[in-house]
Amino acid sequence: MSIQPWITCLQSGILIRHLETRYPEQASKVDLQRVMGAAESFQEIQDARAFLTDTSNWIPHSVFRELVKSCELATGQKDFTYQAALAYYETVKTQSPTLIETIAILLNDVESVFRSVGDWASAYTNYLQLQSFVCPDETQTLHILSRYLPPVDPGLGNMSLVQGNIEGIAMLDPSVETVACEEAYSQIRMEALVNEFGDAYAITSKKDRITVTRRSTGEVVLAGRAITLVSELVPVKEDRAPVPQPRDEQLIARTQPQNRLAVWAVGDTNRAPTDLSSNPESLCSAVRIERGGTLSAGSLSTTIKTGAIYSAPYTHYRLRWTNRPPHANNAAAAAGRSQFLTDRRAFAHRLFAHLRNLQATHRHMLTMFLRNVELAQENIQLKQELSAQQETGGIIGKSAPLQDLLSLIRTLAPSDTTVLITGETGTGKELAARLIHQLSRRKDRRFVAVNCGALPETLLESELFGHEKGSFTGAIAQKKGKFELAEGGTLFLDEIGDISPAVQVKLLRVLQEREFQRVGGTSDLKANIRLIAATNRDLLAMMEQSQFRQDLFYRLNVIQLYVPALRERPEDIAELAQHFAQRFAEKIGKSIAGLTPDALQLCLAYKWSGNIRELENVMERAVTLAPEGKKWISPDLLPNNLRSTTESAPSLDLAELVDRVDWSALLKTLETRGSLTGFLNYLEWTITRRAVAEYGGNKSRAAKVLGRTYRWLRKLESEMTGPQSPGHNPSDK
């Protein structure tokens, strides 16, 4: 059985208030807004603290797990949840208790309170099962079974909180003097236990032996062995109170005939583990620590005792307590009290039933609220994607350069590698970035785009990283930046070449450390995003002119993706023109079928310096100007610059091209350049200049097309334009 796990904010409030009371300085370092962001849509809640401390609210377990982790890191205490629970029940004695604590105080008896432990579990969470029993031959001892349901994988913080709640509730009985809750065995998996301390330790299994070693030194820290747990029938004290029994699916251990309970117990630890496949209902496996030790990471540490048992199907607690010396021994009063307790327990059960119904309704309403928020976000994202398609025309075409681009996108999309998209204005760089996101593992999270060239430096920094209230004039409230809004998703920085040196430095830190601070803030925030940048500028040339940081360039340029200009894929012009013409015709309500052959030929001959965006605008103009009833776009509907396009020279073989040049002109050029070598050098430079012009001044791209490097091109440029160049002629520049 797998559920959507939720927990009441009564428990998150316990942690937050203990943090603020006991560790006020560290409390300011815990970003509760970031904690809420552990669950999608909860980041939209404005006042995180108010929400997390309101006992009528519920949160997903993912948020609670993040809160536990943040509190542990801030305080350096691995048993923080245990201490917080004990501190909470101390305050209950002097302050107004909640309904749940009122029931415990009403029952006024440890054994009676924990007979209703299953109701306690359903009042706190929807993923924790609790069950208690008392053995007839034990005094002032109570057994509690605890099981977390999938998909919750419990950690130390979960177990410590349950343990603290058990001891704290028991202490609400004024007759109790001391309480101790111990684990017989634990549901925590050994792997989950070790993983709480990051990558500092490695866990290995060989046959039935489990070893935990420190990665840095290879030192063995813990050693354990797989053991077999056996099903043991334990006699239990009969509960004669008139309280309805829970359903079988709510029980952890089932009651057998003659008031016996089938509970897991440790078998013979000296024998090898039994093959569980032979009798899976009466046997199960666990891990017993044979060599204890301490796990630590930074200021956090926990000691694992020899003999402790982990990876069990559920946790078995033993609760023992001592009572204060009685002031009077009145048997008659005790007998009357027993009957009173019976009636009060029946009353308590009705209260619990009412409470469960209220909380189920609250969870249902909260789920609907969150779903509405998710639908609103999905609607915004779909509109953004539709807008992007209308702006760029989509990735349309079957040319070889375009297919190479799509193939590379499909290859790199599944990874989280940073991508730098280059290409001229209007080629569809943002659409390529969106496609990378849609094909990535982050596709279910947000795609956030920022046009860096459209914002001044001061606004861009706030837009990217966010700002704190009062950090500058006009900052009337805290604002999340694009790095926070893109949490778990993809951040696309368009026109990256236009950012200032100051912003370049801050962006470099984010890429290196994966951390950032809001403007005016002091806390480091994690940047769990995939970064895609785009530019139509020549970043290599900007680096040489000290306009762009070299270290930032190499951080961005992990994988470079070049989006070809429209003139580099003329095979796609007809399909794109047809697509735009039909789309605008449907939008305006005209019956345009396409372009005439003459109009299409003009489009094919044109260079399209504005690329796809220019073609889109031309088609929109043509459809708008087309008379009603006209089905085809003719040349007269195209702009003058298309109709006056000079026909390109026919493609010629090099030998044929030389043969067409007048010999006297060749001799004159040879004489000017001094020799055939000088002439060939000048011809090389002329072709290079033409390539640079064809690619919009992007020397890096031009060099690549010519099969050369950027440094080679710059060297050739220096040689051919400098005053000492062979056959230098100022007019050549």
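Residue positions are counted from 1 within each chain, in the order its sequence is given. Confidence filtering applies because this is a predicted model: local features only for residues at pLDDT of at least 70, side-chain atom pairs given and counted only at 80 or more, and all residues used for totals across whole chains, interfaces and linings. Excluding hydrogens and water, the side-chain figures rest on all heavy atoms present in the structure.

## Describing the packing of aromatic side chains
Step number 1: In this scheme Phe, Tyr and Trp rings, the latter by its six-membered ring, pair at centre separations within 6.5 Å, and the angle between planes marks the pair as stacked below 30 degrees, edge-to-face above 60, and tilted otherwise. For the coordinates displayed, the defined rule picks out 10 aromatic pairs.
Step number 2: Taking the centre distance of 6.0 Å and the plane angle of 25° together, the rings of Tyr-127 and Tyr-148 count as stacked. Here Tyr-127 is found in the loop between helix H9 (117-124) and strand S3 (128-133), whereas its partner Tyr-148 is found in strand S4 (residues 141-148), with 21 residues between them in sequence. Summarising the burial analysis for this pair, Tyr-127 and Tyr-148 share the class buried.
Step number 3: With a centroid separation of 6.2 Å and an interplanar angle of 35°, the aromatic rings of Phe-465 and Phe-516 are classed as tilted. Here the residue Phe-465 occupies a position in helix H15 (residues 457-465), and Phe-516 occupies one in strand S21 (residues 515-516), the gap between them amounting to 51 residues. A single burial state applies to Phe-465 and to Phe-516, both of which are buried.
Step number 4: By the ring-pair criterion, three or more aromatic residues cluster together here, those being Phe-465, Phe-483 and Phe-516.
Step number 5: Counted as over-ring charges are cases with an Arg CZ or a Lys NZ within 6 Å of the ring centre that also lie within 35 degrees of the ring normal. For the cation-ring pair, Lys-78 lies above Phe-197, with the distance from its terminal atom to the ring centre recorded as 5.1 Å. Helical segments are the DSSP runs of H or I of at least four residues, strand segments are the runs of E of at least two, and each set is numbered from the N terminus. Exposure classes here rest on a 1.4 Å probe applied to the protein chains alone. A residue is buried below 20% of its type maximum, exposed above 50%, and partly exposed in between.

## With respect to the side chain of Glu-616
Step number 1: As for its placement among the helices and strands, Glu-616 is situated in helix H22 (residues 611-625).
Step number 2: Pairs of N or O atoms are called polar contacts if they sit within 3.5 Å, as long as, within protein, a hydrogen donor faces a hydrogen acceptor (for residues adjacent in sequence, only side-chain-to-side-chain pairs). A polar contact is formed between the side chain of Glu-616 and the side chain of Arg-583, at a distance of 2.8 Å.

## Topic: helix H13 (residues 400-412)
Step number 1: Between the first and last residue of a helix there are one fewer steps than residues, each counted as 1.5 Å, and that sum is the expected span. Look at H13: 19 Å from first C-alpha to last across 13 residues, which is about the 18 Å you get at 1.5 Å a residue.
Step number 2: Among all positions in H13, only Leu-402, Leu-405, Leu-406, Ile-409 and Leu-412 are buried. Axial view of H13: buried residues confined to an arc of 140°, hence all on one face. With respect to the buried face of H13, the exposed residues turned more than 90 degrees away are Asp-404 and Thr-411.
Step number 3: Tucked inside the fold, the buried residues of H13 contact strand S16 (419-422), helix H14 (429-438), strand S23 (530-535) and strand S24 (559-562). Relevant arc is that of directions from the helix axis to the C-beta atoms, nothing else. By definition, residues are in contact when any of their heavy atoms lie within 4.5 Å.

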